[in-house]
Amino acid sequence: MPHKVCIVGAGVIGVATGVCLLETIPHIDVTIVADKFSPETTSDGAGGLWEPHALGNTPVHLMQQWSDSTFKHLSKLLQRVDANDAGVHLASGYHVFKEKVRDPDWTGSVYGFRRLSETDEELSMFPGYKYGWFFTTIMCEGPRYLPWLTKSFKAKGGKMVKKHLNCLSELCDKFDVVVNCSGLGAYSLIGDKTMYPIRGQLVRVNAPWVKHFVAFDDFVYYIFPGDKTIALGGTHQKDDWRESNDETDCQKVLDECCKLVPSLKKGKLLMKWAGLRPGRPSVRLEKDNMTFGSKELKVVHNYGHGGGGISLHWGCAQHATQLVKEILSSPQLPTSRL
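Predicted model, so just to flag it, every value in this text is computed and none were measured.

Focus: the side chain of Thr-41
Okay, step 1: In this structure, Thr-41 sits in the loop between strand S2 (28–34) and helix H2 (60–78).
Okay, step 2: Note on Thr-41: relative accessible area 9%, which makes it buried.
Okay, step 3: Within the structure, Thr-41 has its side chain in polar contact with the backbone nitrogen of Ser-43 (distance 3.3 Å).
Okay, step 4: A distance of 2.7 Å separates polar atoms of two side chains, one belonging to Thr-41 and the other to Asp-44.
Okay, step 5: Not counting residues within four places of it along the chain, the set of residues in contact with Thr-41 comprises Ala-10, Gly-11, Lys-36, Leu-146 and Trp-273.

Below is the structure:
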């Protein structure tokens, strides 16, 4: 009998975990249960630039482990014939700041990292910005990557069930392990009140002459060229639960990005999109033994990635897969702390 594993959540974290489980553990049956699948998830709207950033109190060594593993995974995808189908390609560009900042921890992962200071002529393109980095990284476009990843999951034998869960207790006695990749849904699904939304507003334009990405300060605004469109963002509105587009936000994004890269004014507006990033004081990735009355449920939690899902997804999927393997070989777990 194959081990039966259920993944709750069909964003990039959940689907990547499903693919990783199927590739790593033999004789395993994996089902993703979610009320939304691609193209309706938050991950489908992601700009998709691999550039890790601090996520609250998440330990630095884990951030490095997860992000480095993800970069290596995406680097391998670049060599595949279907890399374009996956929306994965190299991207070079700038991250500029109004004040000097320390070098990031990932300088050894990307290609050609170099610093920019006020004396560098390149910075004159961005008035008011005094410091920056130029580097080549990997773009992983959410609108193309998640459908491709979902197709890969199904091709490997993964199953998908569209269902709204009110509580994980509904999965008791049905699966050997449940991997909770519910993102912001963990707020109600398991009562994790440390979760909060970080609303992001994004617009996509057609401006094929813009070739380099640009990020400003802590991603206050960004310009991410994709294969067919350019993502302009964005907002970081904490505790804002609105999922609909806000015309004022859209216009602000357009105005600020056009101010920083004036040629964007000639671009054609294609679409507007808003989504809620799953904010949390730190990423939760750990084993758990949840009790519901007389029943127990073996769980691996893998949620709370904020705006870092694309940059961390494969490393977190590998980590979660290892925890699932440990559960299947050793059933004794601590009792849930939530």
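Structure's up, so let's keep going.
Looking at the state of the cysteines
Okay, step 1: Scanning all chains against the criterion turns up zero disulfides.
Okay, step 2: Of all cysteine sulfurs in the structure, the one in Cys-167 sits closest to Cys-172, which takes part in no disulfide; the separation is 7.7 Å.
Okay, step 3: Residue classification places Cys-172 among the buried positions, given a relative accessible area of 6%.
Okay, step 4: Lacking any disulfide linkage, Cys-181 is separated from the closest cysteine sulfur, that of Cys-316, by 9.3 Å.

Digging into the side chain of His-313
Okay, step 1: Within the fold, His-313 resides in helix H6 (residues 309–329).
Okay, step 2: Residue class for His-313 comes out buried when judged on its relative accessible area of 0%.
Okay, step 3: Among the polar contacts listed, one links the side chain of His-313 to the side chain of Tyr-145, at a separation of 2.8 Å.
Okay, step 4: Other than its neighbours up to four places away in sequence, His-313 contacts Val-12, Ile-13, Ala-16, Thr-70, His-73, Leu-74 and Tyr-145.

So, H2
Okay, step 1: The end-to-end C-alpha separation of H2 is 27 Å, in line with the 27 Å expected for 19 residues at 1.5 Å each.
Okay, step 2: Along H2, the residues that are buried comprise Leu-62, Met-63, Trp-66, Ser-67, Thr-70, Phe-71, His-73, Leu-74, Ser-75 and Leu-77.
Okay, step 3: Against strand S3 (88–97), strand S4 (111–116), strand S5 (131–140), helix H3 (142–155), strand S14 (284–292) and H6 lie the buried residues of H2.

Here we look at the packing of helix H1 (residues 12–24) against H3
Okay, step 1: The contact between H1 and H3 brings their axes to 9 Å, and the two run at 30°. The orientation of H1 relative to H3 falls into the category roughly parallel. Relative to H3, the crossing made by H1 is left-handed. Counting all contacts with H1, which are made through Val-12, Val-15, Ala-16, Gly-18, Val-19 and Leu-22, the residues of H3 involved are Tyr-145, Leu-146, Leu-149, Thr-150, Ser-152 and Phe-153.
Okay, step 2: For the contact of H1 with H3, the class distribution of residues is nine nonpolar, three polar and no charged.

Details of the sheet that holds S2
Okay, step 1: Read from one edge to the other, the open sheet built from six strands follows the order S6-S2-S1-S7-S15-S14, with strand pairing classed as mixed. Edge positions in the sheet fall to strand S6 (159–162) and S14, since each of these pairs with one other strand and no more. The mean inter-strand angle of the sheet, taken between neighbouring strand axes irrespective of direction, is 25°.
Okay, step 2: Of the strand pairs in this sheet, strand S1 (residues 3–8) and strand S7 (residues 177–180) are connected by four bridges, and their pairing is parallel. The residue of S7 that forms the bridge with Cys-6 is Val-178.

Considerations on the environment of Ile-230
Okay, step 1: Along the chain, Ile-230 turns up in strand S11 (residues 230–233).
Okay, step 2: Note on Ile-230: relative accessible area 4%, which makes it buried.
Okay, step 3: Sequence separation between Ile-230 and Val-210 is 20 residues, and the spatial gap between their C-alpha atoms is 8.2 Å.
Okay, step 4: Ignoring anything within four residues of it in the chain, the contact list for Ile-230 reads Val-203, Arg-204, Val-205, Ala-207, Val-210, Ile-223, Phe-224 and Pro-225.

Reading the values: the criteria
- The written sequence of each chain sets the order in which its residues are numbered from 1.
- Owing to the predicted nature of the model, reporting of local features is limited to residues with pLDDT of at least 70; listing and counting of side-chain atom pairs is limited to 80 or more, with chain, interface and lining totals taken over all residues.
- Processing note: side-chain calculations cover all non-hydrogen atoms of the structure and skip hydrogens and water entirely.
- Numbered from the N terminus, helices here are DSSP runs of H or I no shorter than four residues, and strands are runs of E no shorter than two.
- Burial classes follow relative accessibility: with a 1.4 Å probe on protein chains only, a residue under 20% of its type's maximum area counts as buried, one over 50% as exposed, and anything between as partly exposed.
- As used in this structure description, the phrase polar contact means that two N or O atoms lie within 3.5 Å; if the pair is within protein, one of them must be able to donate a hydrogen and the other to accept it, and residues adjacent in sequence are counted only when both atoms belong to side chains.
- Contact definition: two residues touch when any of their heavy atoms are within 4.5 Å.
- Here, the term disulfide refers to a pair of cysteine sulfur atoms separated by no more than 2.5 Å.
- Expected helix span is taken as 1.5 Å per residue step, with the number of steps being one fewer than the number of residues.
- The axes are straight lines fitted to the C-alpha atoms, using for helices just the contacting stretch, and the angles between their N-to-C directions are given from 0 to 180°.
- Just so you know how the angles are binned, under 35 degrees is roughly parallel, over 145 roughly antiparallel, 65 to 115 roughly perpendicular, and the rest oblique.
- Note on convention: near helix rotated counterclockwise from far helix by under a right angle means a left-handed crossing. Clockwise means right-handed.
- All amino acids are sorted into three groups, where Ala, Val, Leu, Ile, Met, Phe, Trp, Tyr, Cys and Pro are nonpolar, Asp, Glu, Lys and Arg are charged, and the leftover types, Gly among them, are polar.
- Pairing between two strands is assigned when DSSP locates at least 2 bridges connecting them.

By themselves these figures say nothing about function.
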